[in-house]
Amino acid sequence: MSGWNRSSRGARLGGGRNSSLPPGRTSTVRLGRVQPQAPGHRTIFCNDREANIPVRFPGNSISTTKYNFFTFLPKGLFEQFRRVANLYFLTISILSTTPISPVHPVTNVVPLSLVLFVSLVKEAFEDWKRFQNDMTINNASVDVLQDQKWESIPWKKLQVGDIVRIKQNGYFPADLLFLAGTNPDGVCYIETANLDGETNLKIRKALEKTWDYSTPEKASEFKGEVQCEQPNNSLYTYTGNLIIDKQTLPLSPNQILLRGCSLRNTEYIFATVIFTGHETKVMMNAMNVPSKRSTLERKLDKLILALFAFLFTLCLIGAIGSGVFINHKYYYLGLWGKKSGDSAMAYSSFDPNNRFLMIKFIQSTQYINNDLRMYHFESNTPALARTSNLNEELGQVEYIFSDKTGTLTRNLMEFFKCSIGGEVYGTGITEIERGIAERNGIKLVEGYNSGNAAHEKGFNFDDPKLMRGGWRNEPNPDLCKEFFRCLAICHTVLPEGEESPEKITYQAASPDESALVIAAKNFGFFFHRRTPTMIYVRESHTEKIGTVQGVSYEILNVLEFNSTRKRQSVVCRYTDGRLVLYCKGADNVIYERLADGQDDLKKVSREHLELFGSAGLRTLCLAYRDLSPDTYESWNEKFIQAKSSLRDREKKLDEVAEIIEKDLILIGCTAIEDKLQEGVPNCIETLSRAGIKIWVLTGDKMETAINIAYACNLINNEMKQFIISSETDVIREVEDRGDQVEIARVIKEQVKKDLKRCLEEAQNYLHSVSAPKLALVIDGKCLMYALDPSLRVTLLNLSLNCNSVVCCRVSPLQKAQVTSMVKKGAKKITLSIGDGANDVSMIQAAHVGVGISGQEGMQAVMASDFAIAQFRFLTDLLLVHGRWSYIRLCKVVTYFFYKNLTFTLTQFWFTFQTGFSGQRFYDDWFQSLYNVIFTALPVIIVGLFDKDVSAALSKKYPELYREGIRNAFFKWRVVAVWAFFSVYQSLIFYYFVTSSSDRGQNSSGKMFGLWDVSTMAFTCVVVTVNFRLLMMCNSITRWHYISVGGSLAAWFIFIFIYCIIDQKRNLYYVIYVLMSTFYFYLTLLLVPVFALFGDFVYQGIQRWFFPFDYQIIQEIHRHEPEGRSRDDLLEIGNQLTPAEARSFAVAQLPREVSKHTGFAFDSPGYESFFASQLGVHAPQKAWDVARRASMKRTAKKK
Amino acid sequence: MDAKDGASDLTSSTKKKSRRPKYSQFTQQELPACKPILTPAWVILIFVAIGIVFLPIGFASLFASEHVVEIVNHYDRDCVPPNYVDNKLAYIQSSKTNKTCIRRVTIPKQMKSPVYIYYQLDHFYQNHRRYVKSRSDGQLRSKSNEKKTDTCAPERYTANGAIVPCGLVAWSLFNDTYKFSVNNKQLGVSKKDITWKSDPKKKFGSDVYPKNFQSGGLIGGAKLNSSIPLSEQEDLMVWMRTSTLPTFRKLYGKIEADLEADDIVTVTIENNYNTYIFGGNKKLVLSTASWIGGKNCLLGIAYLTVGGLCLFLAISFLLLYLFKPRPLGDTSYLSWNRSAPGGHIY
């Protein structure tokens, strides 16, 4: 039982850690949910396959396929029939095989099988690719120690306990225990990009005891026993012991090399396998992205169900009618000896024939992946649509939930300012300060700027008082020295590359850390080498200006950063024996642990912290403590004890750290600028004009969050801000008393009161005439109570009234809760965008999840539906692709609805006049090919190519997007209008054609029969339906003409051939009979025009008196040439290869002119000729000349 | 989801290449397109164009239809002898009653040869599912398919073998006959060429002779001369081209002589066919034909209606355009400008 307890605590701890996760640090984040751990522990015998046999560890082969040979068919079919449409067709097909059906079962079974077959083949193909991928992985080879020799075996043969050798840049085949490596001090470097996307190297260190097993001979003697936890999915924890020579050595994540990582900067290492195959942590983390279906698709299901109900009603009418009609008096029906009413079920075969195959096809097109506007050049990342069936959802997003760091901001940290011993240094002005000043109408003068201001990545600081040894003349030179040393020593950064200040690069877990080390370097404290026990720093100006001396510090203990501690400490020993603890951490944490009697400094520094905070800077406090050897020694014992404990090691370590991290002396604080992503403020403004509300959900402090919100134009001073914070005096007072129940009660009361008050106020504002925009800022602690079911409604009402909402200090779980509150509570379409692992839950909770790709951290992308490289690409993703997808899908769906309803209704009218017998009006083949051939292609073309306004205009008029939010194109009213015209048209098709054809049909007075008339009607339906499609197109490309023409041609070719070969049935020679009469041509001209007349009048009136916004935009820009604007051209043009640029430039030429360019291709400078006609100066391009040269050559060859 | 595993990335990570999408008009969604805008001018123009095209066609077809002379004589009720009026069924089902009936028809206008004779039935559901499928086209076409009668239930075979032609359609063949005379002079009724050419050529075999037809327990309608192949039984072919609606006309024959105005045509009807049981009507129709066929006002009227409506709408739109103009691309109509002062609210 104990194991279960532990795991549940682990889960809670994990959540807590996530809650205040500092940006950029993903070290404690978990991918999936924490799985309950199997109780107990496992024992692994290293290098001893026989001993491991009884336990039956799984092999190292993996399988990520969805199906296998036997499960494919049942499982795949089950997946398919979860769709309403497919299930519907299955029912129909089964019914059609019964003898009472009026149609041949083939006509229903064939299309269904076709749809199923295509879907299954697609599934099978995707699964096959997965299988092949698995095979490649399983068959990759690895060196295993066998009989003192290295044998190369495939990964899948690897077993628990084997000793393997991994070479540089090699991937770890399983979870390994690191034994020894070529680096002298048992260290190796690994890259974990495949796990968490972080590209910075991590250090792993073998136990000292195993360092020596670095030759095959020695390693083969290695006999150890590993006792460790059961396999689990926590990537960053591991507890276990290595028992070797009867000694028990504690193991930590530091010795574990996870599958999927790769070895760097180390020639090779030896390691023993501890978890294999599906028990490896990375495999245990593999999770399926929850399959999302778009709201439109769900609404479509409803529509299908409604149609189903409608058809059922028709069937019922038919059945009842049939029962009433059937009578022995109709002797010619041959009812003798039969009971009447045998055709009750016959009507079930009216089907709407919604073949969603086409929609699926449209959805899987890859416009998003190929859009140049969303390609980020710097990071070489194109956009990626990971789930293609959500495209249309992008056109209806109303709420965006955005992470801050890495999404709105660059996660590029620059050391910007600092405060040492109560003095502020640093002259820069942040964007935010500038923005605030501009808003307040103050003009800021750029501060002192020395000519040689140091600026490198991570360091954007200039102050002569500190630079180049200037600090020696400051009031507190000693404190300055401690400040710099603290920066240079207290960190977990790895130096890489040449040991010179210019060339060195630092590998750090977070960009803040490396920014601090870079700062130290620039101040003259150059950290250049790290060994597991030592840190080497080149210190300048310490003795006197200009001197440089190498100093080494022995690192005794590292008390690592985690988010509960919010601080990091290092105990180091100077060469002269001085023992110092350097500590850096969040202000409140450090302040709690400061020694008494620094009140002045504390007060001044506090002011500085607030100053930095309000400038949007991220702050850290630095402090140190001198230790006496006795204190240290006694503490170190406890530390070692804690470090080797098997249970709750982390907690014990935290407790031990608490003992020594006290009585600190404050040095000062640093301020780091978190740069905004490119184009973020503009993008946010555009999106808010589009009617999208943006909420920022961040783990940051309230001040930082508000500042970023200001910088992004999310909040401004004209807005009425509601701030619900837990940092009030009342709450603080209660918190000081420490009674948890009381705290909870008080905060809840407070939050309730605040929410009520704000809501009232907000509603008052709404009713007033000149209402200001509203903004809500709430912190995580209050949010916890506000999300309580009793208050949730109030919170929702309040937040929906606000234009922007900022939630700060929220945990990943709360992010997801807020998202699903809006998604479920307000039934609005939501989109979450984030870059880090802490956004995964939010991304999965929202309707649409967007991950920021191209930076560190792949987890968000793995969980997302769409991945883009930059926040600003959201405008393209939503306003262009989303809008188009939505409009297209609406058109496709309503058109499907229309054409099937029209078709079915003509059939229905017919049954009224056949004694409800269920006789088909049309031939079975007409019926089944109607959707598959005669009307299929044009609608696909619309789904692919239709666009109302160009991409540039979509972005220029973001307000157009609101039509999607209002769902203006797929309301029940829209469907009703289509349905109305369907009824109208079907009446015309049926009644006009039948009643006009009941006289002699040519000058020889011959009469038509049923099949002649139905073929006539069907021809009219096909023609009308195809032309109706052209009427709803906003842009008609040549593909439209081809597809519509092709469909009509297909019908006529089909009927011409069918009428000859179909000798068994009634359609023999029907079309030739028809075409020999004038009636055919007269009707063919009249009926489609007559049928479309209603739609045309409706469209004309709608456009004239109730225009949609996009229609007005079309009118405004009706004279502009098709294609991109000139600016857009420049923007894209830069990224084109010459060949593409050529095709692009040709595409840009005005259409009418380009028709005549046959001769001009050989005349020099044709491009500038057209350009000059347009009034644009176009310089000759190299490729142009080259192309002309090549043209001439080919001409000569001829 | 693919395994986030290393080996597959081995190749892709070693050689870095640009992942920039390729430019093409298709992927960038910039295919050249024409963008029609349904401006009022276009609407009016299209209406006018339709009107101009449709009105003449309408007039032409109406004119043609008006020139057709059509006489309809409803005879089933009047042909019942007075003593059977209350029991029409007994009259029609009895083989002893005299079915001959004389009708006189006055020709209102001159009818040029050929004059087509039709019979018209009401409430006869030739399009009923049970009826339509009760036939065997294979059997009709070729002698070799004589046994293919499975679709013909319940008229498949008799004790003597398969029925040719089988099925309810053939079984219920219309069996009233008409004879015409003007001024006591017999008018010949030609039964040739009353079907569409494809029927005798391909659908009804010249080697198929009626067999066991109308020899079952129940007699449905006309009998066929078993010495004449089906390809020459034009009445059967006409009958077997089942009608669309329960009210239908079928071509009976033609009179190859002009009928002058005020001629009185005497029709001798053998009133055999039982429509009394289901309350149907029988009518005799004499009609000439024009290029659009028989008297068919519907087409002409529809053309005129649509054409007229289009012109009317064109004028209405023009008036609207003059009195309530909306400048193209008036931004005050944009939904986000509507609430602003000067915006249009409707």
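In this text the structure is predicted, and so the values were computed from the model without any measurement. Per-chain numbering applies: the sequence of each chain, read as written, is numbered from 1 onward. Chain labels run from A onward and ligand labels from 1 onward, assigned in the order the entries are written. Reporting of local features is limited, given that this is a predicted model, to residues whose pLDDT is at least 70; pairs of side-chain atoms are given and counted only at 80 or more, and all residues count toward the totals for whole chains, interfaces and linings. The side-chain figures draw on all heavy atoms in the structure; neither hydrogens nor water molecules are used.

### Brief notes about the state of the cysteines
Residue and element names in this part refer to chain B.
- Disulfide assignment relies on a single distance test, namely cysteine sulfur atoms paired within 2.5 Å. Evaluation of the coordinates by the stated rule reveals two disulfides over all chains.
- One disulfide in the model links Cys79 with Cys101; its S-S distance is 1.9 Å. Looking along the S-S bond of the Cys79-Cys101 disulfide, the torsion reads about -70 degrees, which is the left-handed sense. Of the two residues, Cys79 is situated in the loop between strand E2 (70–74) and helix H3 (88–93) and Cys101 in strand E3 (residues 100–106); the sequence distance between them amounts to 22 residues. In this pair, the class of Cys79 matches that of Cys101, namely buried.
- Paired through a disulfide, Cys152 and Cys166 show a sulfur-sulfur distance of 1.9 Å. Of the two residues, Cys152 is situated in the loop between helix H5 (137–141) and strand E5 (157–158) and Cys166 in the loop between strand E6 (161–162) and helix H6 (168–171); the sequence distance between them amounts to 14 residues.
- Each residue's exposure class comes from its accessible area (1.4 Å probe, protein chains only) as a fraction of the maximum for that residue type: buried when under 20%, exposed when over 50%, partly exposed otherwise. For Cys152, a relative accessible area of 0% corresponds to the buried category.
- By relative accessible area, which is 2% here, Cys166 ends up buried.
- The connectivity of the disulfide-linked cysteines in chain B, indexed sequentially, is 1-2, 3-4. Working definition: helices are DSSP H or I runs of at least four residues, strands are E runs of at least two. Numbering for both runs from the N terminus.

### Side note on the sheet that holds strand E32 (residues 804–808) of chain A
Residues and elements named next belong to chain A.
- When DSSP locates at least two bridges between a pair of strands, those strands are taken to pair. Read from one edge to the other, the open sheet built from nine strands follows the order E14-E35-E34-E33-E15-E29-E32-E31-E30, with strand pairing classed as mixed. Since the sheet does not close on itself, it has two edges, and those belong to strand E14 (384–385) and strand E30 (720–724), each with one partner.
- Across three bridges, strand E34 (residues 848–852) lies against strand E35 (residues 866–868) in parallel orientation. Residue pairing in the sheet places Val850 in a bridge with Phe866 of E35.
- Of the strands in this sheet, E30 and strand E31 (774–779) touch helix H21 (residues 740–767), which is tilted by about 170 degrees from E30. Any two residues whose heavy atoms approach within 4.5 Å at even a single point are treated as in contact. Between N-to-C directions, angles cover 0 to 180 degrees, with each direction set by a line fitted to C-alpha atoms, over the stretch in contact for helices.

### Things to note about the domain arrangement of chain B
Residue and element names in this part refer to chain B.
- Segmenting chain B into domains produces domain 1 (39–68 + 291–322) and domain 2 (69–288).
- As annotated, the domain borders come from an automatic or database domain assignment. Each of domain 1 and domain 2 was reduced to a C-alpha centroid, and the two centroids are 39 Å apart.
- The interface of domain 1 with domain 2 comprises six residues on the first partner and five residues on the second.
- Contact between domain 1 and domain 2 buries roughly 320 Å² in total, counting both sides, with carbon and sulfur atoms accounting for 45%.
- Within this document, salt bridges are pairs made up of a side-chain nitrogen of Lys or Arg and a carboxyl oxygen of Asp or Glu, the two lying within 4 Å of each other. Where domain 1 meets domain 2, there are zero salt bridges.
- Polar contact is the term for a pair of N or O atoms within 3.5 Å; when the atoms are in protein, one must be able to donate a hydrogen and the other to accept it, and sequence-neighboring residues count only if both atoms are side-chain atoms. The interface formed by domain 1 and domain 2 contains zero residue pairs in polar contact (both at pLDDT 80 or more).
- Note that Gly is not counted as nonpolar here; it falls among the polar residues with everything else outside the nonpolar set of Ala, Val, Leu, Ile, Met, Phe, Trp, Tyr, Cys and Pro and the charged set of Asp, Glu, Lys and Arg. Residue classes in the side of domain 1 that touches domain 2 are distributed as one nonpolar, three polar and two charged. Buried area counts how much accessible surface, traced with a 1.4 Å probe, disappears from two parts once they are put together, with both parts' losses summed.

### Some thoughts on the UniProt feature "transmembrane region" (unreviewed entry) in chain B
- UniProt positions are given in the numbering used here, feature names are shortened, and annotations may be inferred rather than shown by experiment. Under the local residue numbering, the UniProt record ascribes the feature "transmembrane region" (unreviewed entry) to residues 41–64 and 301–323 of chain B.
- Taken end to end, residues 41–64 of chain B comprises 100% helix and 0% strand; its first and last C-alpha atoms sit 35 Å apart.

### Some details on the packing of aromatic side chains
- Pairs were defined over the aromatic rings of Phe, Tyr and Trp, the Trp ring being its six-membered one, requiring ring centres within 6.5 Å. Orientation was assigned from the angle between planes: stacked under 30 degrees, edge-to-face over 60, tilted for the rest. Taken as a whole and judged by the stated rule, the model has 101 aromatic pairs over all chains.
- Both rings, one in Phe415(A) and one in Phe523(A), keep their centres 5.7 Å apart while their planes meet at 80 degrees; by these two values the pair is edge-to-face. Here Phe415(A) is found in strand E16 (residues 409–420), whereas its partner Phe523(A) is found in helix H13 (residues 511–523), with 108 residues between them in sequence. For the pair formed by Phe415(A) and Phe523(A), the shared burial category is buried.
- Geometrically, a lysine NZ or arginine CZ counts as sitting over a ring once it is within 6 Å of the ring centre and also within 35 degrees of the ring normal. Taking the ring centre of Tyr574(A) as reference, the NZ or CZ of Arg578(A) above it sits at 4.8 Å.
- Taking the ring centre of Tyr333(B) as reference, the NZ or CZ of Arg326(B) above it sits at 5.4 Å.

### Some thoughts on the nonpolar core
- The biggest cluster of nonpolar side chains holds 114 residues, and the ones touching the most others in it are Phe926(A), Phe970(A), Phe1018(A), Trp1051(A), Ile1055(A) and Phe47(B).
- Among the elements that make up this core, the one with the highest residue count is helix H27 (residues 874–912) of chain A (16 residues).
- Residues in contact with Phe970(A), not counting those within four places in the same chain, are Leu296(A), Lys299(A), Leu300(A), Leu303(A), Tyr886(A), Cys890(A), Val893(A), Thr894(A) and Val975(A).
- Listed in part, the 66 residues of the second largest apolar core include Phe124(B), Leu236(B), Val265(B) and Val267(B). Side-chain atoms within 4.5 Å link the members of a nonpolar core, which is a set of buried Ala, Val, Leu, Ile, Met, Phe, Trp, Tyr and Cys residues.

### Observations concerning the pairing of strand E28 (residues 665–676) of chain A
Residue and element names in this part refer to chain A.
- Burial analysis of E28 places ten of its twelve residues in the buried class, the great majority of the element.
- Across eight bridges, the pairing between strand E27 (residues 617–627) and E28 is antiparallel. Note that in E28 the partner of Leu620 across the bridge is Thr670.

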